[in-house]
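Fold and contact review
Here is what each chain is made of, one letter per residue.
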Amino acid sequence: MLSSNLKLLGKYSHLSEKFQQGLTWLAQSDIASLPDGKHKIPDTDLTADIQSYDSKVQEQCRFESHHSHFDIQYVAEGREFFGVCNVDGLTVTEAHPERDTYFYGRPENFGCVLLNKGDFIIVSPEEAHMAKCAVEGKPEKVRKVVIKVEC
């Protein structure tokens, strides 16, 4: 997992080209002017999925992972808690291999990262993550961009 803010993008020039392409697009795009939905990132094989939603209390959120790609998740508006833990030892409760999405029972122990406007997090296939969690249990409007980076 890597979590930071886009204004610090210059510190991450060591990341592979695909991650650089996705993060640079986020930094240079006017996300507010783009509608929700999937957007092809020009001159790459990446797609950005722009989503708007109300965050949820943690009990309504589920842990998930992906076997063949990393996620870059960027908060364009609002804020949310983002749970994360290693997939080792977790029990798959629902699998959608055609979408490369696997859901898990809630682990006993996990960490949370607070994502504010402008923050991004990169999670690997080895990490289960729980997005869309309300901060302090108080749901709020969130606008997020998710970019899938193939392994």
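Structure's up top.
All of these numbers come straight from a predicted model, not from anything done at the bench.

Time to look at the overall build of the protein chain. Within the protein chain one finds one helix and 12 strands. Listed N to C, the secondary structure of the protein chain is β-α-β-β-β-β-β-β-β-β-β-β-β in terms of helices and strands. Along the first, second and third principal axes, the C-alpha set of the protein chain runs to 40 × 35 × 30 Å. When burial is assessed residue by residue, the protein chain has 48% of its 151 residues classed as buried. Put simply, of all contacts in the protein chain between residues at least 6 apart along the chain, 79% involve residues at least 24 apart. Roughly 7,800 Å² of accessible area belongs to the protein chain as shown, and the carbon and sulfur atoms make up 50% of that amount. Across the protein chain, the 17 positively charged side chains and the 23 negatively charged ones have centroids separated by 5 Å.

What follows is about the environment of Gly111. Mapping Gly111 onto the fold places it in strand β9 (residues 111–115). In sequence terms Gly111 and Tyr74 are 37 residues apart; their C-alpha atoms lie 18 Å from each other. If sequence neighbours within four positions are ignored, Gly111 has contacts with Phe82, Gly83 and Val84.

The rules we used
Residues numbered from 1 in each chain as written. Predicted model: local features only at pLDDT ≥ 70, side-chain atom pairs only at ≥ 80, totals over all residues. Heavy atoms only, no water. Helix = DSSP H or I, 4+ residues; strand = E, 2+ residues; numbered from the N terminus. Buried < 20%, exposed > 50% of the residue type's maximum accessible area, 1.4 Å probe, protein only. Contact = heavy atoms within 4.5 Å. Areas by Shrake-Rupley, 256 points an atom, 1.4 Å probe, with all protein chains shown as cover. Lys, Arg positive; Asp, Glu negative; His and termini not counted. Charge placed at Lys NZ, Arg CZ, Asp CG, Glu CD.

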